[in-house]
Amino acid sequence: MGKIIAVANQKGGVGKTTTAVNLAAALAAEGKRVLLCDFDPQANATSGFGVDKTKGLSSYDVLIGSAEAKAAIVQTPYGDVIPSSASLSGAAVELVGMDRREYALADALRPLTAEYDYIFIDCPPSLELLTLNALCAAESILVPVQCEYYALEGLSDLMATLRAVKARLNPALSIYGLVLTMYDGRLNLSAQVAEEVRRHFPGKVFTAMIPRNVRLSEAPSHGLPVLAYDKYSRGSEAYRALAKECIRREGQP
């Protein structure tokens with residue numbers, strides 16, 4: 001059975017979508033069966049996989065029950081994706097009157113777990129009904145943490161939400177891990193934030209750190225994961241290392 005992992009942080013600009021896209025692509029390159037569900041109305045993960053966000057079915061159709069998740073899947077050279085669309089931004093209003101509204105995504109994705117090793121959900125940068133659906137669908141949460149001064153402040157809000165969801169809606173939810181992003185080894189601040197995050201979350205922080213990297217920033221504008229855009233860049237090496245660490249953590253061959 002595949003793992004469903006929500007990639008979430010309510011703080012914007014932390015490398016959440018970058019991590020969702022490039023970790024999914026790196027795991028697919030390692031031979032894993034990977035599905036990326038773009039659950040952010042901005043649809044950046046969709047375009048990051050080179051998929052047109054204006055055509056075909058989307059995670060909006062899956063969420064409101066007008067299409068099965070399997071029908072919305074688009075296959076790409078970097079892994080499969082359920083695209084997002086701008087329509088998703090209004091989905092919360094439509095969900096309000098539904099039974100099991102917090103579990104709409106969970107119910108839709110459950111039939112796919114036998115077909116994939118990993119299902120990643122790229123969450124919007126906020127803590128509202130869409131993110132709540134993602135947290136109820138997931139068995140664990142992957143948290144990108146930008147190496148900056150306010151990183152821990154944002155984390156405390158996310159952990160409070162995590163505890164509330166775990167207590168009331170999804171008792172099985174756990175932390176898959178925290179990944180440090182935009183790391184700059186030349187700055188004392190990056191090292192201090194990394195040390196502080198590791199102190200607060202012992203054993204939960206990945207060893208692989210994602211550096212600030214120009215090629216990593218350029219890749220989305222070409223509709224490519226960084227591994228396809230420049231496989232020898234520091235960004236590519238970092239996400240390959242993160243993918244291998246994920247595989248090792250689970251004791252997979």
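Given the structure is predicted, the values throughout are model-derived calculations rather than measurements.

Draft legend 1. Main features of the side chain of Thr-19. Within the secondary structure, Thr-19 sits in helix H1 (residues 16-29). Those residues in contact with Thr-19, other than ones at most four positions away along the chain, are Ala-24, Leu-142, Pro-144, Val-179, Thr-181 and Tyr-239.

Draft legend 2. Region of the structure containing helix H9 (residues 188-200). The end-to-end C-alpha distance of H9, which contains 13 residues, comes to 18 Å, matching closely the 18 Å that a straight helix rising 1.5 Å per residue would cover. Turning to H9, its buried residues are Ser-190, Val-193, Ala-194 and Val-197. Taken around the axis of H9, the buried residues stretch over an arc of 100°, which confines them to a single face. Of the exposed residues in H9, those oriented more than 90 degrees away from the buried face are Asn-188, Glu-195 and Arg-199. Structurally, H9 contributes buried residues whose contacts are with strand E6 (140-146), helix H8 (151-168) and strand E7 (174-181).

Draft legend 3. Focus on a nonpolar patch on the surface. Judged by side-chain polarity, Tyr-149, Tyr-150, Leu-187 and Leu-189 come together as a nonpolar surface patch covering roughly 450 Å² of accessible area. Tracing the chain through its elements places Leu-189 in helix H9. Given the relative accessible area of 35%, Leu-189 is considered partly exposed.

Draft legend 4. Molecular detail of the pairing of E6. With seven of seven residues buried, E6 lies mostly within the body of the structure. Taken together, the three bridges between strand E1 (residues 3-7) and E6 define a ladder with parallel strand orientation. Looking at the pairing, Ala-6 lines up with Ile-141 of E6.

Draft legend 5. Up close: the packing of aromatic side chains. Here the structure, examined in full by the defined rule, presents four aromatic pairs. Here the aromatic rings of Phe-49 and Tyr-78 are separated by 5.9 Å at their centres, their planes lie at 70°, and the arrangement is edge-to-face. On the criterion of sequence distance, the pair formed by Phe-49 in the loop between helix H2 (44-48) and helix H3 (59-64) and Tyr-78 in the loop between strand E3 (74-76) and strand E4 (79-82) is long-range, its members being 29 residues apart. A relative accessible area of 3% means that Phe-49 is categorised as buried. The aromatic ring of Phe-206 is capped on one face by Arg-249, whose charged end is 3.8 Å from the ring centroid.

Conventions we followed
- Residues numbered from 1 in each chain as written.
- Predicted model: local features only at pLDDT ≥ 70, side-chain atom pairs only at ≥ 80, totals over all residues.
- Heavy atoms only, no water.
- Helix = DSSP H or I, 4+ residues; strand = E, 2+ residues; numbered from the N terminus.
- Contact = heavy atoms within 4.5 Å.
- Expected span 1.5 Å × (residues − 1).
- Buried < 20%, exposed > 50% of the residue type's maximum accessible area, 1.4 Å probe, protein only.
- Arc of directions from axis to C-beta.
- Patch = residues over 30% accessible without salt bridge, like charges linked within 9 Å, V, L, I, M, F, W, Y side chains within 5 Å.
- Areas by Shrake-Rupley, 256 points an atom, 1.4 Å probe, with all protein chains shown as cover.
- Salt bridge = Lys/Arg side-chain N within 4 Å of Asp/Glu carboxyl O.
- Pairing = 2+ DSSP bridges.
- Phe/Tyr/Trp six-rings, centres within 6.5 Å; stacked < 30°, edge-to-face > 60°.
- Lys NZ or Arg CZ within 6 Å of the ring centre and 35° of its normal.

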